[in-house]
Structure formats: C-alpha cells, structure tokens
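# Structural characterization, general
Listed below, chain by chain, are the residues.
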Protein chains: 2
Amino acid sequence: MKTSFDLEKFIEDFSTNCNKVQLKTFSKNETVTSYIKNRNQLCILIKGTADLVRYDLNGNRTIVEHFSKNSLFGEVFYDITTNNELLVEARANCTVLFYIYDDLFQKCKQNCKFHKELAENLPQLILNKVTDLNMRIELLTKRSIRDKLLGYFSLISTRNLSPSFELPFSLTDLADYLSVDRSAMMRELKLLKEDGFIEKSGNRITLNYR
Amino acid sequence: MKTSFDLEKFIEDFSTNCNKVQLKTFSKNETVTSYIKNRNQLCILIKGTADLVRYDLNGNRTIVEHFSKNSLFGEVFYDITTNNELLVEARANCTVLFYIYDDLFQKCKQNCKFHKELAENLPQLILNKVTDLNMRIELLTKRSIRDKLLGYFSLISTRNLSPSFELPFSLTDLADYLSVDRSAMMRELKLLKEDGFIEKSGNRITLNYR
DNA sequence: TATTTTCTGTTGCAAAAGCAACAAATTATT
DNA sequence: AATAATTTGTTGCTTTTGCAACAGAAAATA
C-alpha cells in the first residue's frame, strides 16, 4: 500500500479564511453532491464512506466507485458526456472537503497554509486514486460472475491481510459494484460454497484458496 | 477536452544528461515493457499508439488500456497483485520516455530542465489519465454487449465531432477492449445494423442516433 | 506475385446470466 | 415492542453470451 499523509489530522487543527474551501458533514444516505456538467469541483472525503452511484436509463444502479478516508472525487475526474445521473451518496456519516478552484495545482492568491499543503499532497492522493481505478477495471474485465467474485474477495483478503473478512458492502450493493444481476450473483455464491472455494455466513467470507 | 502541454515538442529540443531518463523507440508489435512487481517505472508515450494487454489464466486477452500521445503508463499506476501478465505492446511505431525515479514529484538533484518541466506538467497528465479510466469504467459497467458498443461508438463519435468514424481498433481488438466474446460482438453488430442504429462498412461506423 | 497469416463474418449449440416473483430473515422506524 | 422497510436467499424460465468451428476477405510476408 502506498503511504499518504493524514488529511484528517491536518484538517482538525486547520482554520483558514480561504473562501475557496468548504467543510461539510453528511449523515448516512444523504446525497453529498451530484456531478454537474461544466462545473469542476474537487472533493476530498475526510471521514466516513461514500459511493459514487449511477442510475442508467434501464433502471440499473451501478456503484461506480467506493470512497473511504482520503478518497478524491468530483467532476475534475470525470468527463460528463452521458445523460446518466451521477450521485455521491454517504454510506456512513461523512466529513467532506469541497474545493472550488481556478487551477487545481496552483496555490491560491492568499497562499494560505491549506493550499500549500494540498498542492504538496494532491499528486500522491491522485496516484492512489489511479491505482484504485485500475483495480476496478481489472475486476470489471473479468468475464464471469465467478471470476469477478473471486477477484474481489482476493483483493479484500489481501488488503485485510486475512483470508476471512466482513464485506464492506451489502450483497445488494456488491452486485451493483460488480455490475451483475443480484440473483445471479447469489446463485454463484452458493455454487462457490458448494465447490468449496469459500465459506460464507452472513456477510463474512472465508477463502479456501490462497 | 482538457488541454495539456506538448511533450513531443518539448522532447524534440531537449537534451539532458540526467541519467534517470531514457528515450527509446519501438516498431509495431514490439513489447514496450512488461509490468514487474516491486519496480515503479513511469513511462510517457511521446509518439505512436500502444496497448496495455493482459493475458489471464483462461487464455483470454484483454486490452486494459489504449494509449496515444501523452498517455502515461507503468507500474506507478498499478498495484500488481495478480499473477496475470501485463504487457505494453506497440500498435504503431512508438517513442517512449522511461523515467526511473526516486520520488515522482520531486525534482532530481541536478535540478535539470527536464525534471522541472515534468514536475510542472505531470499532474495535469495524470488527471487526463483519470478521466480516461473513468470513461473506461463507465463502458465496462454497461450490462449488455449492445450497450457497450453503443456507449463506445458514442464516445468516439463525440471525440471526432462526427457521427461517422473509423474504428481505432480492429474488431478483434475491440472485443478484447470491451471484454466480450468476438463472435458474440459480431452478432450484436449485425443486429445493430438490422435495427437501424448504425451503418457499417468495414471498420467505418456511422451512427443513426445522436 | 505467391503464400502464409491474420481478421472478418457466420452459425448451431451449450453455458451463463438476467428477469421476475416470492418467502424468510434482518434491520430500521414508529 | 410492533410495524414497516430493506436485504437475503431461492427458483423456473427466458434471453444473452460464450464457444467452437469454418469459409472468405484482407493484410502481411517471403
């Protein structure tokens, strides 16, 4: 895992009069922001978890990204070309920093402490985001539900340094994240149990493969 | 589209004695690099086109990313957790800049012109990469081959500012890029023609929807 | 230019995934 | 504690996708 500085710590003892920065809190299930064409917001999740969710024309819901502490989101990272609605929804109580900027990597005119720190650390945070996106692509390019599940489990297991873990999603959300039908996914989970690949009780999974 | 500085122009009249930078050329179908665990190379495609390709255990080939001028690649952007082979293959004659770095965003000790310029421009190039990856995810999360094709076509069409365009891939490669079976994709293309969504002659597609 | 290789286009059949509907279990709300 | 809402688990049926195999076209190579 790549290291990154502790933004939360930094924010805590941070008081700025910089008018380009806003700190807001959200409670579970609230909409944090929706992506709007021709705006270019940058947001940093300081605390909590949230999802970027898309609802398409067929009524399918997709969890496009899953955010936790230090995750970046906002239109800066997205070319909004489609008519799909893109919403960021709080999964737990959240603290989010909104950054309205002229030039993302330029220090603001006041040259305030916040902008200085941000400019220094943003590149690494973005790099973390890129590796996250690449892992997501690796999952999505797998051809079967089985391979998607196994790939996802193996990922979480590696992160937790344990073959046994609680899913960070409900099973309903996991299906939306892997972009597959929920009932088909449930069926495949059952088969994975029957074939001895995994053990499962509730949302706790134990892997029987390395 | 986001703007970015012209790296090719910059490289042309660039001569450095910085020992951390290498410029190499490749001809079509040559392997530019393969991703190696515990190395952290950063590469910039100065000229040409190339693909990041993965071969999985089932023998499936996936085009993970498609690179053109100014694209970034290398292990910096990838957590190599799987046993899958990841190769960058030149699709056309290429010029690639390899950057062996200690700290990606730190100027090198010699404080050479190249590192200065790169440090200034890298963040924007990375941001472009992030929006590319997000578009790719949007495509891959579409549930049917039909929607993937239509989404992809609409993307290319928007980029080219025209409802008619040559595919930048062979159809075989397009299937590997959309992560679907080639023959199933061909069948769907035929249906799209029959249903009047597209016209197709060879690798030229014309869209009949906006 | 002849020959080999790759790519396109097609099809029948098999396997996988999606859809719809519902009951049971769990969690949230009043 | 009672009720409502959401999530889990399951299944029969339908549709979509994948697989395999092959012929013709196009492109690359000798």
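Residues numbered from 1 in each chain as written. Chains lettered and ligands numbered in written order. Predicted model: local features only at pLDDT ≥ 70, side-chain atom pairs only at ≥ 80, totals over all residues. Heavy atoms only, no water.

## Some words on the relation of the copies chain B and chain A
Superposing chain B onto chain A requires a rotation of 180° together with a translation of 0.0 Å along the rotation axis, leaving an RMSD of 0.0 Å. On this basis, the relationship between the two copies can be described by a two-fold rotation axis. In this assembly, 100% of the residues forming the interface of chain B have copies in chain A that are likewise at the interface, indicating an isologous arrangement. (Least-squares fit on C-alpha atoms with pLDDT ≥ 70 in both. Contact = heavy atoms within 4.5 Å.)

## A short note on the pattern of salt bridges
Residues and elements named next belong to chain A. This structure, assessed with the given rule, holds 20 salt bridges over all chains. In this structure, the salt-bridge partner of arginine 146 is glutamate 188, at a minimum N-O distance of 2.9 Å. Pair noted here: arginine 146 is in helix 3 (residues 145-160) and glutamate 188 is in helix 5 (residues 182-194), with a separation of 42 residues, a long-range link. For glutamate 188, a relative accessible area of 16% translates into the label buried. Shared partners join several salt bridges into a network, and the residues in it are Asp51, Glu89 and Arg91. (Salt bridge = Lys/Arg side-chain N within 4 Å of Asp/Glu carboxyl O. Helix = DSSP H or I, 4+ residues; strand = E, 2+ residues; numbered from the N terminus. Buried < 20%, exposed > 50% of the residue type's maximum accessible area, 1.4 Å probe, protein only.)

## A few points about the protein's contact with DNA strand C
Around DNA strand C, the structure places 19 residues, and the nearest of them are A:Ser144, A:Ile145, B:Thr172, B:Lys190 and B:Lys200. At the protein interface, 54% of the atoms of DNA strand C within 4 Å belong to sugar or phosphate. B:Leu171 is positioned with one of its backbone polar atoms (N or O) 3.1 Å from a phosphate oxygen of DNA strand C. Among the elements that make up the surface near DNA strand C, the one with the highest residue count is helix 5 (residues 182-194) of chain B (five residues). Grouping the amino acids of the surface near DNA strand C by side-chain chemistry returns five nonpolar, six polar and eight charged. (Near = heavy atom within 4 Å. Polar contact = N/O pair within 3.5 Å; in protein donor to acceptor, adjacent residues only side chain to side chain. Nonpolar A, V, L, I, M, F, W, Y, C, P; charged D, E, K, R; others polar.)

## Concerning the protein's contact with DNA strand D
The local shell around DNA strand D holds 19 residues, among which A:Thr172, A:Lys190, A:Lys200, B:Ile145 and B:Asp181 are the closest. Considering the 4 Å shell around the protein, atoms of DNA strand D inside it are sugar or phosphate in 54% of instances. For DNA strand D, a base nitrogen lies 3.1 Å from a polar atom in the side chain of A:Arg182. Contacts to DNA strand D include B:Ser183, whose side-chain N or O atom sits 3.1 Å from a base nitrogen. Going through the elements one at a time, helix 4 (171-178) and helix 5 of chain A together with helix 5 of chain B are the ones with two or more residues in the surface near DNA strand D. The leading source of residues in the surface near DNA strand D is helix 5 of chain A, at five residues. Split by residue class, the surface near DNA strand D holds five nonpolar, six polar and eight charged.

## Describing the interface of chain B and chain A
Contact with chain B, which involves 41 residues of that partner, is made by 42 residues of chain A. When chain B packs against chain A, the two sides together hide about 3,800 Å² of surface, and 54% of this comes from carbon and sulfur. Three residues, B:Ile137, B:Glu138 and B:Arg143, lead the burial of chain B against chain A; their summed loss comes to 18% of the area buried on that side. One can count zero salt bridges joining chain B with chain A. Taken together, the links from chain B to chain A amount to ten residue pairs in polar contact (both at pLDDT 80 or more). Of all the elements in the fold, those that place two or more residues in the side of chain B that touches chain A are strand 5 (61-67) and helix 2 (113-140) of chain B. The element contributing the most residues to the side of chain B that touches chain A is helix 2 of chain B, with 13 residues. Tallied by class, the residues present in the side of chain B that touches chain A amount to 15 nonpolar, eleven polar and 15 charged. (Buried area = accessible area lost by both parts, 1.4 Å probe.)

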